[in-house]
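What follows is each chain in one-letter form.
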Amino acid sequence: MQDIVNALVLGSIYVLISVGLTLVYGILKILHIAHAGIYTLGAFLGLMFYHLTGNFWLALFLSIILTGIAGIGVYRYFYKRVLEESRIVPLVISIGLFIVMQDLYRLIWSPYRQPFAVSFGIGDIRLKGIVITEHQVIILIVTFVSLLSMYFLMNHTKLGLAMRACAEDMAIAGTLGVDVEKTISVAFFLGSALAALAGILVGVYENNVYPTMGEVPSYKSFVVIVLGGFGSLYGAVLAGFILAFTETILVAWKGFVLPRDAIAFLVMITVLMIKPEGLFRRATR
Amino acid sequence: MSLDYILTLVTFSNIFSILALSLNIITGYAGQVSLGHAAFFGIGAYTSAILAVKFGVGYWWTLLASVLISGVVGLFLGLPSLRVKHDFLVLATIGTNFVVVALFKYIDFFGGPYGIVGIPMARIFGIDLSTTGFAVYTSIWLVISTVLNLYINKVYLRYGFEAVKENEEAAESIGVSVSLFKIYAFTISGALAGLAGNLWAYQMGMVFPDDFSFSISISILTMLVLGGMGTTSGPILGAYTLTFLPEALRFIQDYRMLLYGLIIVLVMMYQPSGLLGKNGILRKAFKR
Amino acid sequence: MLKVKNVSKRFGGLQALKGVSFEVREGEIHALIGPNGAGKTTMFNIINGFIKPTSGHVYFMGKRIDGLRPSRIALMGMGRTFQLVRVFPEMTVLENVLAGIGKRVYHSLRVFSEAVKNEKNVKKAMKLIELCGLSKHVDQEASVLPLGIQRNLEIARALATDAKFLLLDEPASGLNDQETKGLAELIRKVNKSGVTVLFIEHDMRFTMGLAHTITVLDHGEKIAQGKPEDVAKNERVIEAYLGKSMTT
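In this text the structure is predicted, and so the values were computed from the model without any measurement.

Draft legend 1. Highlighting the overall build of chain A. Across its full length, chain A carries 11 helices and 2 strands. What you see in chain A, going N to C, is helices and strands ordered as α-α-α-α-β-β-α-α-α-α-α-α-α. Relative to a compact globule of 285 residues, whose C-alpha radius of gyration would be 19 Å, chain A shows 19 Å and is just as compact. Seen through its C-alpha atoms, chain A measures out along the principal axes to roughly 60 × 50 × 35 Å. Across the 285 residues that make up chain A, the buried fraction comes to 56%. Taking as baseline every contact in chain A between residues at least 6 positions apart, the subset at least 24 positions apart corresponds to 75%. Entry remark: accessible area of chain A is about 12500 Å², with carbon and sulfur atoms responsible for 67%. With 19 positive and 15 negative side-chain charges, chain A shows a separation of 4 Å between the mean positions of the two kinds.

Here's what the structure looks like:
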C-alpha cells in the first residue's frame, strides 16, 4: 500500500514535467532537452524567493512567472531561427543550452546541494499503517489542481483551442486567424511554468536543490511523452502514472537487478517495438 | 601542456574522430539520428577488455572480436530503426544506451560499477605501444576509417543511404530496400565504433560503465553535427575541436563548460549544417 | 502485362475497393480515373506494393506481386512517380538519375563495389536526361527546380531503373498548360520506346488525349473500361463522374 502512495507521488512529478514538455513538443516538434534546465531554474528561483520572502506560496508564484518568461526567451532567441533547419539542429542547440544552463546555475548558486526545507503545518497523514507525508499531500493536491486547470484551459478557452490548432497544423492555424507566434510563446510559458512547479515540488520533497538536478528528468520526461504518444496531453498524464507504477513494482521485485532508469527505458523500448506510435496515439492512417 | 599530454589528446581525438565517422554513416548518410552511439563504443571496449584480462587473448584477436561483435550488435540494435522513426528512434537509441550501461554496471561478468582493470599494453609486431606509439597507431586507424568513408562515397552504398535519408518511399520505388540499407548502416557503423572501443580499452588500460554513458553519445553526435553531417572531414574536425577546446579553455577554468556549451549553441544557430557542411564558413574558405 | 484480379481493400469500417479486376496490356497507355474517393490511389498503392489488398491478387509479367515490398516490385521492372513529387532534393539532377540506375545493384553485394560515376552509368544517365529535356539542369540540385522539371526528373529516374512498366500518380497535377503538353509528349515518347504506362489523373482533357484505354472506378468498384471515346459515352461514367465535373 505504501508503494501505491509513493508511486502516485512519483507519477505526479513525472506528469507535471512531462505535460509541460508535451505542450512545447506538440507545437514545435523539438526535442527540448533544455526543458530540464528550465525545471532546475524553477527550483533555484523558488528557493531564492523563499529565502527572500519567507512565504512559500509567494515564492512559488514568482518563480513560476519568471521561469515561464525564461521559457519564452528560449523560444524567441534560440529555437525560432532554426525551425526550418533539419530537426537535429534544434536538438543539438537544446543540448548546448542545457549544458550552459547547468553551468550558469553552478556559477550563480554554487555547485553544492542546498536544503529547501518548508513546513506546511498540516502534519503527516497516517491511515492503517500507511504514511502520507505532508509534502506528498501537497504534491498530490498541486498536481491535481494544475491538471484540472490545464484541462479547463485546453478545452474551454480560446487560447487552448489556438494551441490545439497549432499542434495539429501550424500553417492552417495561421490562415484561420490564430496568432501563431503568440500561441507558441504561450505554450512555452505554460510548459516552463509547469516545469518550475515540478522543480520546486521536487526540491521541497527531497529537501535538495542543485545545478545538476535536471539530469534525470532530461531523459525521463521523454520516456513519458514517448509512451504517451509524443504530443498527446492525456497520453502524457496516463503514461507518467503507468511508468511510475511499473518502476515501483519492478524495483520492489527483488529478483530484478536493473536500476530505475534502465527499467524506464526497457518499458519504453518494449512498448515502441509493439506499438511504434506510443501507447495513446490514435492511429494516423 | 607537456608533449605527452598533447599526444594523449591526439589519441583521444583520433578515437572520437573514428566514432564520429562511424555515427556519420547512420546519421549523416542514412539519416537515422542516433543518440546512443556510446553503446556500440562500450560493447567494443568491453569485448576487448574481457578477452584480454579474463582470457589472456592477444591484441589482434581482441581487435577482431571487438569489430565483429560490435558489428553484429549493431545489426540487432539497428532492427528497432525498421519499426520506429524520427524522434521515436532518437529516444529508442537513448534507451538502448541506458540499458547497455546498466547491464555493464549490474552484471558481475562485466565487472560491475568498478569496471575491468589491468588491460595489458597493446603489443603489435613485437613493440609495446607507449604514449607516442599509441598516438601514431590510432592515427593510422583514423586514416583507414577516413579512406573507408571516402570509398563508401564512391560506390552505390552511399546512394542507397542517401535515398533512404532523403525519401524512403522514393528509395523503395527505385529498388532500394529501406530495411536492408538501414541494417547495412547500423552494422558498418557498429563495427567501426567497435574499433574505437578496442583502441579506447588499450589506451586507458581499464574500462568503466560510465565511460560509455548517454553524455558520451551526446558528445559524439555534437562532434558530428558541429563539423558537418554527411561530410568526411567534418566529423574529424568536430572531434578534434571538441576534444581540444576544453583544454584550450583551461586558462578560464571556471567558465570552461559554459563556453563549451555556448560555442555549440552559437555554431548551430549560425552554421546549422556544420562548419564544413553545405554553406559552412570553413568549406567556403577551403574552396576559395 | 499487369493483371489485377478481384482486389478488395478494407480500412477499418471503410470498404475502399470492392473486387476490382482489370488488365493493362503490354505497350499501351492505360488510365485509371474516377471521382474523389473512388479508390484510385488505394489501387495504385496496392499495385506498387505500399499496401496489401484484403483479398484478391495482382500479377505483374505473370508473377504474383501483392504482398511484396515496393523495392522488390521495383526490381521486377516497375517504375513509378508520385503525386506530390518526390525527387531526392539534395541530389543534383544527374545524381538523381544515377541513383535510379543503381537499381541493378541495390539488392546485391555489388553496392559495395560498383562505382556510381563510372563511364557507362554517366553515359546512360545523360541519355535519359536528354530524353526528358533536363540537359540544362544536369548539375543543379533537384530542390531548386520548378515543379514541372522535377516531374520530368522523376520520370527520368524511374526510367533509369530500366522499368518496363511505369506508374504515374496524377502526373499533370500542379502543372500549367504548357508543361502539361510537354509532359504528354514525353509520356508518348517513352511509350513508343517500349514502356507500358498506367496513370491516374483528374485532368480529363489530358487523359482523353493520351490514354489508349481507360478504366473507371467509382465507390471502389470498376464501372467501365474501354477506349476513351467509348468511356466518354458510357452512361454510368457520365452519371458518376463526367456529369459532375462537366457541370461544375
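Now that the structure has been shown, we can carry on.
Draft legend 2. Quick look at the arrangement of the chains. Here the protein chains form 2 pairs of chains in contact, of which the pair with the most contacts is chains A and B. No interface is formed between chain A and chain C, the nearest pair of C-alpha atoms being 9 Å apart.

Draft legend 3. Inspection of a nonpolar patch on the surface at higher detail. All names here are of chain A. Together, L58, F61, I65, L66 and I69 line one region of the surface with nonpolar side chains, adding up to about 430 Å² of accessible area. Residue position: I69 is located in helix α3 (residues 56-79). Given the relative accessible area of 47%, I69 is considered partly exposed.

Draft legend 4. Broad picture of the pairing of strand β7 (residues 165-169) of chain C. Residue and element names in this part refer to chain C. Among the 5 residues in β7, 5 count as buried, and that is most of the element. Bridge analysis of strand β6 (residues 78-80) against β7 gives 3 bridges, and the strand direction is parallel. Pairing of M78 across the sheet is with F165, part of β7. In the classification by handedness, the crossover that spans β7, the intervening helix α7 (residues 177-192) and the parallel strand β8 (residues 196-200) is right-handed.

Draft legend 5. Here's a closer look at the sheet that holds strand β10 (residues 221-226) of chain C. Residue and element names in this part refer to chain C. The sheet built from 6 strands is open, its strands ordered β6-β7-β8-β3-β9-β10 with mixed pairing. Bordering the open sheet on either side are β6 and β10, each of which pairs with just one other strand. Across the sheet, the mean angle from the axis of one strand to that of its neighbour is 20°, orientation sign disregarded. Where strand β3 (residues 29-33) lies against β8, 4 bridges are found, and the strand directions are parallel. Note on β8: the bridge partner recorded for A31 is F199. The sheet contacts of helix α6 (residues 147-160) involve β6 and β7, and relative to β7 the element is tilted by about 155°.

What counts as what
- Residues numbered from 1 in each chain as written.
- Chains lettered and ligands numbered in written order.
- Predicted model: local features only at pLDDT ≥ 70, side-chain atom pairs only at ≥ 80, totals over all residues.
- Heavy atoms only, no water.
- Helix = DSSP H or I, 4+ residues; strand = E, 2+ residues; numbered from the N terminus.
- Rg over C-alpha atoms; globule rule 2.2 N^0.38 Å.
- Buried < 20%, exposed > 50% of the residue type's maximum accessible area, 1.4 Å probe, protein only.
- Contact = heavy atoms within 4.5 Å.
- Areas by Shrake-Rupley, 256 points an atom, 1.4 Å probe, with all protein chains shown as cover.
- Lys, Arg positive; Asp, Glu negative; His and termini not counted.
- Charge placed at Lys NZ, Arg CZ, Asp CG, Glu CD.
- Patch = residues over 30% accessible without salt bridge, like charges linked within 9 Å, V, L, I, M, F, W, Y side chains within 5 Å.
- Salt bridge = Lys/Arg side-chain N within 4 Å of Asp/Glu carboxyl O.
- Pairing = 2+ DSSP bridges.
- Right-handed = clockwise from strand over helix to strand, strands pointing away.
- Axes fitted to C-alpha atoms, helices over the stretch in contact; angles between N-to-C directions.

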